[in-house]
Every structure is written in structure tokens, then in C-alpha cells.
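Analysis of the macromolecular model
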Amino acid sequence: MKIHEKYIKRCISLARNGFGSTYPNPMVGSVVVHKNKIIGEGWHQKAGLPHAEVNAINAVADESLLPQSTIYVSLEPCSHFGKTPPCSDLIIAKGIKKVVIGTVDPFAKVAGRGIKKLMDAGCEVAVGILEKECRELNKRFFTFHQERRPYIILKWAQTSDGFIAPESKDNREPVWITGSTSRQLVHKWRAEEQAILVGTNTVIADNPKLNTRLWKGPDPVRVVLDRSGRIPKKSAVLDGSVKTIVFTEKPNSYSSEIDPGSLQNHENLILKELDFGKEIAPQICEVLYQNELQSVIIEGGARTIQSFIDAGLWDEARVFTGKATFNSGIDSPKLKGKLIHEQEIGDDNLKFYIND
């Protein structure tokens, strides 16, 4: 069992190379082992490209060794035709008789079928090696397929005296609580997740772009709440440069208020009706799931973040505390969660919580 864990750990390490680039597919790593020596390894790099098992098998210089080898993979090999052929078929075709799998794939088109196909072909299959670690690796993928919602990350910055924003200000420029290193880290996070959500007041107060200008990587889908059309129609989030979902009470009237000439890409603006008289978090999650978004950062403001906390719809929270003080202002969200990590970033303190 220990030798299996050694190689599954290597699979996990390889899989992480695809973080942020494999959506909607999971991150997967694979190694081929012959006489306790890795003779091929690979990971899934991007949706549409070969899967981890294919890359690992193709990396083996002497294919004659495959029938006497064991293939390790962090997630169950697929059994269906998607953008690429089934990996389970390739394993069988190459004569590999021993397969060690970290965890079963929750995706409905796989979900044990890959394992069954391998076993029916006479393969010796071991499943559940470092299963907890393999599931953690793809927590976004598992949450999406098992709970039918995106993985939800809460993020905010608060002053040392507990405020998330001043009571008022004179312009639409952000009031920074954290330093430049922390802000760059946030842009890195944005590049790793599929969507980012803010409320009406945040857009009115700060006119955020919600992009990754401080980090190289894809911009997340922007998700904006605007119940009654209070957001200025020339706000950055309505420029059409990035796919944007706007939740509002009356999508038709909202659409007529926007100047088409101000949008760079009309198709990038999606209007969705939301019943603001009911709990909003579950409704938002349903729409994001329908749009196949596996993860979302809830970035503001305090009321929007608190609505997800109160609904119990969050998976982790990342909370910055800066040295600045406001003396008065908008209180930070109230969170009860398990602290799992804490670190200093410049003059800022960063705490990670999970919803346990």
C-alpha cells in the first residue's frame, strides 16, 4: 500500500501543473511504473488535449514494457468519447494489466464505468489510494458534479478595526486596505477561478474591472448583482470586454437602458432574472451551474458576502487584515468557520477558513 501511495502522490504533484487551465475537466496526473521505476509520466494540460494517461503512456520509450507495468492515475480513467477517446480503452489496448486509481470520477458519464471496463477486460484494479488528497485536488470539480453548484470562495479585506469599507467617499476609486503584494495575489486567484461576483454597492462605489491586469492569466466571468438598475451604465463591468452575467429584477427593461455603443461585445453581456425577495445565494448558484462555472470568488460587498454565509453556501474564505483603521464604516462580514492557515503578506495578515 505504501508503494501505491508513493506513486499516487507523484500523480497529484503532476496534476497540479494543470491548475486553472483544465476547465471544465479535472486536474489529473498519471505515471507508468515498471519494476518500481517510473518509465513514463504525464498530466492533463488543457481541455481538448490528451488526458494524463495518454501522456504518461506516450512518454514510455519502450512500449514492450507496458504489459509488465502498472499505471497509476489520480482520477478514474474515462470510459466515454468526449473531445478525446476513452483512456480506459487505451490502457486495455496497450496490454497494461495493473491499474491503481486515487478516486472514482463523480462525472455522470464516468462514475465507475471506467473501472468496470478495466475489470471486465481482466485488469487488476485498486481504487481509493490517497482518496482524500485526490478529492481535495479536484474539490471544484467534485463540488460542481456532486452538489450541482460552483465551489464558492469568499474573499474580503478588512481594516485592523474590523471595517470592510468607509461609510462614504467622494469618487469611484477603491480605498485600498491591503498592500500591492496582496492585491497581486488576488489577481492570481482570479486567474485560477472561473467567475467573480460583486454586489451593486461595490460597483457603484469602486467601479471595479474584476480582471487579471496584475497577473498573467484568463479573466474570470464577471457576475454582478443589480436589482433595480442602479449601476451606472458606463461602469467597467458593463463594457462587454469580458463575459458578464448581470442579475436583475427586470432583464428586459435593464437591457433597454444600456447604450449598445458602449459595449465592445454585446454577446458577452448576459442578463438573468433574480427574485430578490427570496434568498439570492441559491438562485445565483443555480444559474452559475447552468453556465457550467465550477468555481466563483465572492469578492464584495459585505451584504453580498454575508448572504452566502447566512445561506451556508460557501466552501472557503480568504480574509485579509490590513494595518489601516477607519474608526467607522461598513462592518466586515461575520463568519464562523475553521481556520486552516494563516500567513503574513507584507504588512497584511491573511487567514484561510473552510466551512466545516
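In what follows, the structure referred to is the one given above.
None of these values were measured; they are calculated from a predicted model. (Residues numbered from 1 in each chain as written. Predicted model: local features only at pLDDT ≥ 70, side-chain atom pairs only at ≥ 80, totals over all residues. Heavy atoms only, no water.)

A few words now on the packing of aromatic side chains. Scanning the entire structure with this criterion turns up five aromatic pairs. Geometrically, the ring pair formed by Trp189 and Phe352 is edge-to-face, given 6.1 Å between the ring centres and 70° between the ring planes. With Trp189 in helix α7 (residues 180-192) and Phe352 in strand β16 (residues 348-354), this residue pair connects regions lying 163 residues apart in the sequence. Relative accessible area serves as the criterion here: at 15%, Phe352 is assigned to the buried category. In this structure, Arg183 packs its charged tip against the face of Trp176, placed 4.5 Å from the ring centre. (Phe/Tyr/Trp six-rings, centres within 6.5 Å; stacked < 30°, edge-to-face > 60°. Helix = DSSP H or I, 4+ residues; strand = E, 2+ residues; numbered from the N terminus. Buried < 20%, exposed > 50% of the residue type's maximum accessible area, 1.4 Å probe, protein only. Lys NZ or Arg CZ within 6 Å of the ring centre and 35° of its normal.)

Our next topic: the sheet that holds strand β8 (residues 195-198). Each strand in a sheet pairs with its neighbour through backbone hydrogen bonds, running either in the same direction (parallel) or in the opposite one (antiparallel). Overall, mixed pairing links the nine strands, which are arranged β11-β10-β9-β8-β12-β6-β13-β16-β15 in an open sheet. In the strand order of this sheet, the two ends are held by β11 (269-273) and β15 (338-345), each with one partner. The sheet shows a mean angle of 20° between the axes of neighbouring strands, taken without regard to direction. In this sheet, β16 lies alongside strand β13 (residues 316-321) in antiparallel orientation, the contact comprising six bridges. Pairing of Thr321 across the sheet is with Asn349, part of β16. (Pairing = 2+ DSSP bridges. Axes fitted to C-alpha atoms, helices over the stretch in contact; angles between N-to-C directions.)

The residue after Tyr23, namely Pro24, is reached through a cis peptide bond having omega 5°. Within the secondary structure, Pro24 is located in the loop between α1 (2-15) and β1 (29-34). At Asn36, a position not held by glycine, the phi torsion is positive, near 60°. With respect to the helices, strands and loops of the structure, Asn36 is situated in the loop between β1 and β2 (37-43). Overall, Asn36 belongs to the exposed group, its relative accessible area being 58%. For Glu292, which is not glycine, the phi torsion reads 60° and is therefore positive. Mapped onto the elements of the fold, Glu292 is located in the loop between α10 (280-290) and β12 (295-300). Overall, Glu292 belongs to the exposed group, its relative accessible area being 54%.

Geometry only, nothing functional implied.
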